Amino acid sequence: MADKKPGFDTLAIHAGTAPDPATGARITPIYQTTAYVFNDVSHAADLFALRAFGNIYTRIMNPTQAVLEAKVAALEGGTAALAVASGHAAQLLTFHAMLRPGDEFVAARQLYGGSINQFNHSFKSFGWHVVWADAEDPSSFEKAISPKTKAIFIESICNPGGRITDIEAIAKIAKKAGLPLIVDNTLATPYLCTPISHGANIVLHSLTKFMGGHGNSMGGVIVDGGNFDWSASGRYPLLSEPNDSYHGMRFHETFGGIAFAITCRVLGLRDLGPAMAPLNAFLILTGIETLGLRMQRHCDNTLAVANWLSKNAHVSWVNYAGLPTDKHHTLHKKYAPKGAGAVLTFGLKGGYDAGVKLVSNVKLLSHLANIGDTRSLIIHPASTTHSQLTDEQKTKAGAGPDVVRLSIGIEDVSDIIADLEQALG
Ligand SMILES: *Cc1c(COP(=O)(O)O)cnc(C)c1O
């Protein structure tokens with residue numbers, strides 16, 4: 001037993017957690033405090049100079065977050081992690097540690113819509129420029145790299161199309177170019193896919209979705225793969241050069257395999273400030289304990305719904321890599337063999353009006369803009385998230401008038417199908 005590596009479900013419950021040293025409480029407490037008393041003056045000085053690790057102020061770290069960070073790092077096979085206020089905050093801090101004004105990064109065009117907005121608009125005001133590539137064509141990433149490129153960004157399973165990315169092919173291109181590969185693993189979760197084992201250097205999550213899993217708290221996390229040499233090229237000065245705000249410390253030289261997580265914490269989180277609330281860390285920790293059970297049920301239900309939809313007379317097409325006929329089925333078998341996730345899109349023969357009718361008629365499914373809840377969710381992008389676009393722009397974005405997106409929950413699948421059947425009726 002002693003040398004057996006614990007399985008996923010054991011880690012999901014036990015990794016990072018121990019009974020509370022002060023009280024014996026078995027469950028990690030919500031440390032609802034802003035600050036922490038120093039032992040003495042030299043302890044305080046050591047903490048501020050990073051000569052000792054410890055709690056100073058909850059914007060930078062908190063004991064409830066620390067347990068969540070250790071748990072996610074263990075599940076992803078990373079060296080360390082940093083929990084933050086949201087998935088978007090995780091993206092902001094990740095790029096902040098790598099990019100200087102005028103730098104570029106290459107990202108897959110097939111991303112969560114919020115990430116496309118963040119990259120196209122807000123990042124531009126920092127002087128960070130996104131260059132788009134095609135997740136379905138790894139060679140397009142190589143072509144998009146310029147001398148200004150500092151990183152590559154992809155999703156493992158893409159939101160909303162449910163496509164699976166060939167992580168190893170893109171990791172090879174990143175490695176050859178000396179660039180870190182960042183993978184947003186939100187839709188897969190480490191239960192389905194561990195990108196670091198396929199060559200990724202940084203893994204990000206919106207913990208808001210399947211990781212927390214109950215639609216009740218926002219959160220994000222940055223996982224450090226510990227497998228990128230931040231000093232080799234001299235192009236990541238925040239990591240490799242002496243830092244003025246820490247007495248000239250070089251983070252990569254000092255912290256080695258956990259340098260990226262530390263840099264995001266002591267510079268990004270310290271100065272930009274998107275800290276996770278301790279209550280949210282507690283709720284997400286509780287959610288992760290059942291991640292394996294939930295994800296398997298999510299995936300099994302989604303495959304059953306996809307099969308049913310693909311035979312329905314109102315439906316023209318179904319995009320779900322779990323279907324044997326899907327063009328991403330082989331990549332699904334390689335990267336996420338336990339399931340192809342719980343988000344799928346499909347087309348309605350009746351177009352826009354049929355989409356509006358369907359979302360108006362559902363009773364069990366919730367019509368809203370989210371994914372990764374225990375309950376099943378539905379959205380018709382053309383009449384909601386993408387309604388400001390022209391029909392041509394909608395179609396280009398994979399949100400044509402006929403497209404419906406589902407995030408399938410863990411209810412009884414017969415009830416989910418019965419609701420879709422009456423609503424399509
Ligand atoms: C929701 C989502 C995000 C953003 O996360 P928030 O927690 O909403 O900030 C990023 N990536 C993907 C794939 C998402 O689904």
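Residues numbered from 1 in each chain as written. Predicted model: local features only at pLDDT ≥ 70, side-chain atom pairs only at ≥ 80, totals over all residues. Heavy atoms only, no water.

Caption draft 1: Fine view of helix H12 (residues 278-288). For H12, every residue scored as buried is listed here: Pro278, Asn280, Ala281, Ile284, Leu285, Gly287 and Ile288. Next to the buried residues of H12 lie helix H1 (8-14), helix H3 (63-76) and helix H13 (291-310). (Buried < 20%, exposed > 50% of the residue type's maximum accessible area, 1.4 Å probe, protein only. Helix = DSSP H or I, 4+ residues; strand = E, 2+ residues; numbered from the N terminus. Contact = heavy atoms within 4.5 Å.)

Caption draft 2: The arrangement of the packing of aromatic side chains in detail. Counted under the stated rule, the structure contains 21 aromatic pairs. The interplanar angle of 35° and the centroid separation of 4.2 Å between the aromatic rings of Phe95 and Phe105 together place this pair among those described as tilted. Residue Phe95 is located in helix H4 (residues 87-98), and its partner Phe105 is located in strand E2 (residues 104-108); the two are separated by ten residues in the primary sequence. A relative accessible area of 0% places Phe105 in the buried class. The interplanar angle of 40° and the centroid separation of 6.3 Å between the aromatic rings of Phe123 and Phe126 together place this pair among those described as tilted. Overall, the relative accessible area of 38% leaves Phe126 in the partly exposed class. Through pairs of rings, three or more aromatic residues link up here, namely Phe95, Phe105, Phe119, Phe123, Phe126, Trp128, Trp132 and Phe153. It is Lys209 that lies over the ring of Tyr112; its NZ or CZ is 4.6 Å from the centre. (Phe/Tyr/Trp six-rings, centres within 6.5 Å; stacked < 30°, edge-to-face > 60°. Lys NZ or Arg CZ within 6 Å of the ring centre and 35° of its normal.)

Caption draft 3: Highlighting the domain arrangement of the protein chain. One can read the domain layout of the protein chain as domain 1 (8-287) and domain 2 (293-424). Listed per partner, the contact involves 29 residues of domain 1 and 31 residues of domain 2. Across the interface of domain 1 and domain 2, roughly 2,500 Å² is buried in total on both sides, 58% from carbon and sulfur atoms. Ranking the residues of domain 1 by area buried against domain 2 places Ile164, Tyr191 and Phe210 at the top, with a combined share of 30%. Our count for the contact surface shared by domain 1 and domain 2 stands at two salt bridges. (Domains from an automatic or database assignment. Buried area = accessible area lost by both parts, 1.4 Å probe. Salt bridge = Lys/Arg side-chain N within 4 Å of Asp/Glu carboxyl O.)

Caption draft 4: The arrangement of the layout of surface pockets in detail. Estimated volume of the second largest pocket: approximately 420 Å³. Around the second largest pocket sit 22 residues that line it, and Phe53, Ile60, Met61, Arg265 and Val266 are the ones nearest its centre. Mapped by element, the contributors of at least two residues to the lining of the second largest pocket are helix H2 (41-48), H3, strand E1 (80-84) and helix H11 (259-272). Per element, the largest residue contribution to the lining of the second largest pocket is five residues, and it comes from H11. Of the residues belonging to the lining of the second largest pocket, the class tally is 18 nonpolar, one polar and three charged. (1 Å grid on protein atoms, 1.4 Å probe; cavity = no way out; pocket = protein on both sides within 12 Å on 5 of 7 lines; lining within 4 Å. Points joined across faces, edges and corners; volume = space filled by probe spheres on them. Nonpolar A, V, L, I, M, F, W, Y, C, P; charged D, E, K, R; others polar.)

Caption draft 5: The arrangement of the side chain of Ser240 in detail. Structurally, Ser240 can be placed in helix H9 (residues 237-240). Residues in contact with Ser240, not counting those within four places in the same chain, are Trp230, Ser231, Gly234 and Arg250.

Caption draft 6: A look at the sheet that holds strand E10 (residues 366-367). The strand order across the open sheet formed by five strands is E8-E9-E12-E11-E10, and the pairing between neighbours is mixed. At either end of the open sheet lies a strand with only one pairing partner, and these are strand E8 (315-319) and E10. By the bridge criterion, five bridges tie strand E9 (residues 343-348) to strand E12 (residues 403-407) in an arrangement that is antiparallel. Pairing of Val343 across the sheet is with Ser407, part of E12. Across the sheet, helix H15 (residues 351-361) is in contact with E9, E10, strand E11 (377-379) and E12; its angle to E9 comes to roughly 130°. (Pairing = 2+ DSSP bridges. Axes fitted to C-alpha atoms, helices over the stretch in contact; angles between N-to-C directions.)

Caption draft 7: Just the pattern of salt bridges, in detail. Under the counting rule described, the total for this entry stands at ten salt bridges. Note that Lys150 and Asp103 form a salt bridge whose closest N and O atoms lie 2.5 Å from each other. Of this pair, Lys150 sits in strand E4 (residues 149-155) while Asp103 sits in the loop between H4 and E2, and the two are 47 residues apart along the sequence. Linking Arg250 and Glu253 is a salt bridge whose minimum nitrogen-to-oxygen distance equals 3.9 Å. Since its relative accessible area comes to 32%, Arg250 is described here as partly exposed. Classification of Glu253 as exposed rests on a relative accessible area of 65%. Linked by salt bridges that have partners in common, Glu136, Arg163 and Lys327 make up one network.

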